[in-house]
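One-letter residues, chain by chain:
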Amino acid sequence: MNTFDNTIDMDLDTRGLNCPLPILRAKKSMNELAHGQVIRITATDPGSVKDFESFCKQTGNELLHSTETNGEFVFLIRKPDA
Amino acid sequence: MKAAERRASILAVAKILFADCGYHGVSVDQIAQRLGVSPAVLYQHFASKEALYEAVLNEIACRRESYVEAALAGDDDFAGVLLRMTRVYVDSVVEDPDYLKIEMQALLEDARLAQQFFDARWKSFTDFIEVSMREQTTGINFSQVNPRIASLMFQGMLREALYAKCIYQAEQYRDLSAQDLVEQLIRLFLNAIEYRQ
């Protein structure tokens, strides 16, 4: 596991799904998070790296971390402080 | 011209010729002639015509649209998101209709490539339709329509509309833009699956 384990407040599994479903699910989950909380999103769509960068730019959320291991992508996204 | 630029220009010209004439209808000499170079220049970048064709197919098959904007630009209702993502896709095909011709050829020639085309270009639609219908996404009340069959219907409908507008430019749809045609079809699709928001 990674150094962000202690800060993860929600997990979202979008493996097997192509855009826009991971983005729609992330958007919904971010609405449920409190300000300052962090979500961990897992995806397998190769386009998800660009998609989540773009998602964070457009929504003002902070992409803390992005990794890829054996075709599986993990993103840590923080909802900004109020 | 730098090697990367030369390679890109070869791919661009080869794509146009393969789209119009198919793999067997184009020779390396014709591609070189169109580029204004000798065939030897092509062979510096691609070992054979087959390798060039494969590179063209791979490049097109792996290209994908981003639907982030479509997901974020309005409400999350099924019909709204489907319409917005379809607009993105239609714009992309209208801009580069050769993609459709190459896809059609790939479907006939190579199952592996056909799967790549599906994963990169169509799976976004089939995932969205099937999962939304299965999960009865907020605000949706679908009838007993099979989600997998519905997504196949959508895929066939959209593909045929784009063939009619972008490949054989059918006379009977000439007064409609590709976007207008597709929007009318989406309304029919929503009626067919008894979509009620």
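Bear in mind the structure is a predicted one, so any value in this text is a computation, not a measurement. (Residues numbered from 1 in each chain as written. Chains lettered and ligands numbered in written order. Predicted model: local features only at pLDDT ≥ 70, side-chain atom pairs only at ≥ 80, totals over all residues.)

Quick look at the packing of helix α4 (residues 49–62) of chain B against helix α8 (residues 111–135) of chain B
Two numbers describe a pair of packed helices, the interaxial angle and the distance between the axes. Residue and element names in this part refer to chain B. Two elements in contact, α4 and α8, have axes whose closest approach is 8 Å; the angle formed by their N-to-C orientations is 25 degrees. Taken together, α4 and α8 sit at an angle that is classed as roughly parallel. Every residue of α8 that contacts α4 at L57, A61 and C62 is listed here: L113, Q116, F117 and A120. For the contact of α4 with α8, the per-class residue count stands at six nonpolar, one polar and no charged. (Axes fitted to C-alpha atoms, helices over the stretch in contact; angles between N-to-C directions. Helix = DSSP H or I, 4+ residues; strand = E, 2+ residues; numbered from the N terminus. Parallel < 35°, antiparallel > 145°, perpendicular 65-115°, else oblique. Contact = placed C-beta atoms within 7 Å. Nonpolar A, V, L, I, M, F, W, Y, C, P; charged D, E, K, R; others polar.)

A few points about the domain arrangement of chain B
Often, the extent of an interface is quoted as the loss of accessible area on bringing the components together. Residue and element names in this part refer to chain B. In terms of domain boundaries, chain B breaks down into domain 1 (3–61) and domain 2 (64–192). When each unit is reduced to the centre of its C-alpha atoms, the spacing between domain 1 and domain 2 is 30 Å. Domain 1 puts nine residues into the contact, and the matching count from domain 2 is ten residues. Elements supplying a minimum of two residues to the side of domain 1 that touches domain 2: α1 (3–21) and α4. Tallied by class, the residues present in the side of domain 1 that touches domain 2 amount to seven nonpolar, one polar and one charged. (Domains from an automatic or database assignment.)

Describing the nonpolar core
In terms of nonpolar packing, the biggest core is built from 58 residues, with B:V56 and B:V81 touching the most fellow members. In terms of domain composition, this core takes at least three residues from each of domain 1 (3–61) and domain 2 (64–192) of chain B. Dropping the residues within four chain positions of it, B:V81 is found in contact with A:P20, A:L24, B:A70, B:A71, B:D76 and B:F128. (Core = buried A, V, L, I, M, F, W, Y, C linked by C-beta atoms within 7 Å. Buried ≥ 20, exposed ≤ 12 C-beta atoms within 10 Å, placed from the backbone.)

Comments concerning the confidence of the model for chain B
Mean pLDDT for chain B: 88, with 96% of residues reaching 70 or above. Our summary of model confidence lists the complex with pTM equal to 0.84 and ipTM equal to 0.84. (pLDDT = per-residue confidence, 0-100.)

Things to note about the pairing of strand β2 (residues 38–43) of chain A
Residues and elements named next belong to chain A. Sheet topology places strand β1 (residues 8–13) next to β2; five bridges connect them, and they run parallel. Directly across from L12, in β2, lies its bridge partner I41. Note on the crossover from β1 through helix α1 (residues 21–32) to β2: the handedness is right-handed. Note that β2 and strand β4 (residues 72–78) share six bridges and pair antiparallel. Within the sheet, the bridge partner assigned to I39 lies in β4 and is I77. (Pairing = 2+ DSSP bridges. Right-handed = clockwise from strand over helix to strand, strands pointing away.)

Some details on the packing of α4(B) against helix α7 (residues 98–109) of chain B
All names here are of chain B. The N-to-C vectors of α4 and α7 enclose an angle of 110 degrees; their axes lie 10 Å apart at closest approach. By the angle class used here, α4 and α7 are roughly perpendicular. By crossing handedness, the relation of α4 to α7 is classed as left-handed. Contacts from V56, L57, I60 and A61 of α4 reach α7 at Y99, I102 and A106. Looking at side-chain class alone, the contact of α4 with α7 contains seven nonpolar, no polar and no charged residues. (Left-handed = near helix turned anticlockwise from the far one by under 90°.)

Notes on α8(B)
Under the 1.5 Å per step criterion, the end-to-end length of α8(B) is only 31 Å for 25 residues, more than 12% shorter than the ideal 36 Å. Maximal helix bending in α8(B) amounts to about 65 degrees, located at B:W122. Every buried residue belonging to α8(B) is among B:F117, B:R121, B:K123, B:S124, B:F125, B:F128, B:I129, B:S132 and B:M133, and all of these are buried. As for α8(B), its buried residues are in contact with α1 of chain A together with α4, α6 (78–95), α7 and α9 (147–167) of chain B. Where α8(B) ends, the next residue or the one after it, B:Q136, has phi of about 50 degrees, a positive value. (Expected span 1.5 Å × (residues − 1). Bend = angle between axes of the 7 residues up to and from the residue.)

Description of helix α10 (residues 178–192) of chain B
Residue and element names in this part refer to chain B. The end-to-end C-alpha distance of α10, which contains 15 residues, comes to 21 Å, matching closely the 21 Å that a straight helix rising 1.5 Å per residue would cover. Buried-residue contacts for α10 involve α6 and α9. Of the residues trailing α10, E194 is marked for its positive phi of about 55 degrees.

What about the interface of chain A and chain B?
Counting from both sides, the interface comprises 15 residues of chain A and, opposite them, 15 residues of chain B. Those elements that place two or more of their residues in the side of chain A that touches chain B are α1 and α2 (48–59) of chain A. For the side of chain A that touches chain B, the element with the highest residue contribution is α2(A), accounting for six residues. Classifying every residue of the side of chain A that touches chain B gives seven nonpolar, five polar and three charged.

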